[in-house]
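Letter by letter, the chains look like this.
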Amino acid sequence: MTIKKVGVLGCGLMGSGIAQVCATAGFDVTALEAEQKFLDKGFAGIDKSLAKFAEKPEKSGITPEKAKEIRGRLKGTLKKEDLADCDLIIEAIIENVEDKKKMYAALDGIVKKDAIFASNTSSISITELMTATQRPERFVGLHFFNPVPLMKLVEVVRTIATAPEVFETVFEFAGKLGKVPVRTSDKTGFIVNRLLVPYLLDAIRAYEEGVGSIADIDQAMKLGCGYPMGPFTLLDFVGLDTTYYITHVMFEEFKEARFASPPLLKRLVMAGWYGKKTGKGFYDWKDPANPAASF
Ligand code: CAA
């Protein structure tokens with residue numbers, strides 16, 4: 001089947017990025033949100049990102065005219081019915097199983113029968129989400145990375161029920177977005193979070209044990225391993241609430257101590273220090289160019 005029109009559920013950080021890369025690749029995109037203010041915020045983020053790319057067209061390939069053209073392929077809506085003729089639905093709403101299942105069940109009756117459903121979840125079982133629909137063979141995971149317009153990787157996730165031709169269609173679609181897709185199966189965390197989450201949690205445990213300061217552990221991993229960000233900067237960037245949620249799902253799945261949340265992560269989440277998005281996490285982000293350790 002050919003994918004022409006894409007529906008994106010949720011226009012937050014991930015949803016808006018996904019909508020942007022799909023429109024940039026030439027697909028018509030409709031983004032669904034619950035309230036106009038969330039759509040406005042998501043589209044403002046897209047405008048900012050496209051403007052950044054258009055500042056350096058020789059590097060990005062996006063001229064100001066092309067940015068306008070991309071923007072013209074993007075629509076926002078508050079009505080599920082506006083997604084009825086989409087060929088592919090990519091869900092990027094809040095990481096909550098019940099909310100996601102409710103959304104899929106509602107859309108299953110509205111969106112055309114041969115459309116493919118995909119979830120951008122980073123940790124929830126694709127198999128569980130698929131059971132909310134009558135199209136298990138047309139259901140996959142499609143996991144993007146933050147910031148979506150820059151990060152090259154997409155994990156394409158198959159369940160035991162995914163039809164091979166559906167998987168290949170979505171795999172090819174990810175390539176058309178200019179991303180590099182990898183194949184993985186529905187095991188919690190897929191490839192990246194399976195390896196990344198224990199590393200991030202170990203950095204917190206190392207700090208708790210007095211191995212080094214937050215800034216020194218970050219510096220060590222950046223300069224010693226060539227990582228673009230140290231673990232605490234990355235934790236603040238991903239969101240501590242998101243990471244905390246992922247640890248629960250992964251610990252529940254594997255029952256291994258390496259996936260369990262360290263006490264300090266829980267304390268930060270209880271305090272509402274979620275990282276960059278709330279202005280404070282392991283770092284205070286008042287001056288984003290010079291973040292200072294929060295404690
Ligand atoms: N849109 C367009 N352009 C953008 C942009 C955006 N959203 N964000 C940054 N840019 C541009 C900047 O303007 C800059 O452009 P120039 O080089 O032309 O000046 C360029 O991109 C690089 O940005 P920065 O100089 O600000 O920073 P950087 O060189 O450190 O790169 C980064 C930023 C790509 C985010 C890099 O730090 C990085 O790769 N960090 C690690 C990110 C990561 O690991 N993400 C995965 C998180 S895990 C996850 O998402 C999965 C999960 O399930 C939790």
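Residues numbered from 1 in each chain as written. Predicted model: local features only at pLDDT ≥ 70, side-chain atom pairs only at ≥ 80, totals over all residues. Heavy atoms only, no water.

## Structural notes on the layout of surface pockets
Phase 1: When its volume is computed, the second largest pocket comes out at roughly 300 Å³.
Phase 2: Every element with two or more residues in the lining of the second largest pocket is listed here: helix 1 (13-24) and helix 3 (57-60).
Phase 3: The dominant element in the lining of the second largest pocket, judged by the number of residues it contributes, is helix 1, at three residues.
Phase 4: Here the residues of the lining of the second largest pocket are counted per class, giving seven nonpolar, five polar and four charged. (1 Å grid on protein atoms, 1.4 Å probe; cavity = no way out; pocket = protein on both sides within 12 Å on 5 of 7 lines; lining within 4 Å. Points joined across faces, edges and corners; volume = space filled by probe spheres on them. Helix = DSSP H or I, 4+ residues; strand = E, 2+ residues; numbered from the N terminus. Nonpolar A, V, L, I, M, F, W, Y, C, P; charged D, E, K, R; others polar.)

## Some remarks on the packing of helix 2 (residues 36-55) against helix 4 (residues 64-72)
Phase 1: The N-to-C vectors of helix 2 and helix 4 enclose an angle of 155 degrees; their axes lie 9 Å apart at closest approach. Viewed along their axes, helix 2 and helix 4 adopt a mutual orientation that is roughly antiparallel. Judged by the twist between their axes, the crossing of helix 2 over helix 4 is right-handed. Residue-level inspection shows F43, D47, L50 and A54 of helix 2 in contact with helix 4, the latter providing P64, A67, I70 and R71.
Phase 2: Here the residues of the contact of helix 2 with helix 4 sort into six nonpolar, no polar and two charged. (Axes fitted to C-alpha atoms, helices over the stretch in contact; angles between N-to-C directions. Parallel < 35°, antiparallel > 145°, perpendicular 65-115°, else oblique. Left-handed = near helix turned anticlockwise from the far one by under 90°. Contact = heavy atoms within 4.5 Å.)

## Some words on the site of the ligand
Phase 1: Close to the ligand lie 18 residues, the nearest being S49, K56, K59, N146 and N193.
Phase 2: K56 places a polar side-chain atom, nitrogen or oxygen, 2.7 Å from an oxygen atom of the ligand.
Phase 3: In this structure, a nitrogen atom belonging to the ligand sits 2.9 Å away from a main-chain N or O atom of N146.
Phase 4: Alone, the ligand offers 1,100 Å² of accessible surface; in the complex the protein occludes 64% of this.
Phase 5: Of all the elements in the fold, those that place two or more residues in the shell around the ligand are helix 2, helix 8 (192-208) and helix 10 (231-238).
Phase 6: Among the elements that take part in the shell around the ligand, helix 2 stands out by supplying three residues, more than any other.
Phase 7: Taken domain by domain, the makeup of the shell around the ligand includes at least three residues from each of domain 1 (5-185) and domain 2 (197-282). (Near = heavy atom within 4 Å. Polar contact = N/O pair within 3.5 Å; in protein donor to acceptor, adjacent residues only side chain to side chain. Areas by Shrake-Rupley, 256 points an atom, 1.4 Å probe, with all protein chains shown as cover. Domains from an automatic or database assignment.)

## With respect to the domain arrangement of the protein chain
Many analyses report the size of an interface as the accessible area lost when the parts associate.
Phase 1: Partitioning the protein chain into domains gives domain 1 (5-185) and domain 2 (197-282).
Phase 2: For domain 1 versus domain 2, the distance between C-alpha centres works out to 27 Å.
Phase 3: At the junction of the two partners, domain 1 supplies eight residues and domain 2 supplies four residues.
Phase 4: Sorting the residues of domain 1 by area buried against domain 2 places E95, S123 and N146 first, and these three jointly supply 68% of that buried surface.
Phase 5: Across the contact surface, domain 1 and domain 2 share zero salt bridges.
Phase 6: Summed over the shared surface of domain 1 and domain 2, the result is one residue pair in polar contact (both at pLDDT 80 or more).
Phase 7: Per-class residue counts for the side of domain 1 that touches domain 2 are three nonpolar, four polar and one charged. (Buried area = accessible area lost by both parts, 1.4 Å probe. Salt bridge = Lys/Arg side-chain N within 4 Å of Asp/Glu carboxyl O.)

## A closer look at the environment of G109
Phase 1: Within the secondary structure, G109 is located in the loop between helix 5 (97-108) and strand 5 (116-119).
Phase 2: For G109, a relative accessible area of 63% gives the class exposed.
Phase 3: As a C-alpha pair, G109 and A84 span 25 residues in sequence and 9.1 Å in three-dimensional space. (Buried < 20%, exposed > 50% of the residue type's maximum accessible area, 1.4 Å probe, protein only.)

## Overview of the pattern of salt bridges
Phase 1: Tallied over the full model, the rule gives 16 salt bridges.
Phase 2: Here K176 ties to E172 by a salt bridge, and the two come within 3.8 Å at their closest N and O atoms. Taken together, the residues span about one helical turn, with K176 and E172 both in helix 7 (residues 164-176) at a distance of four residues.
Phase 3: Here E172 falls in the exposed class, since its relative accessible area comes to 51%.
Phase 4: In this structure, the salt-bridge partner of K255 is E252, at a minimum N-O distance of 3.7 Å.
Phase 5: A network of salt bridges, in which partner residues are shared, links E91, E95 and K100.

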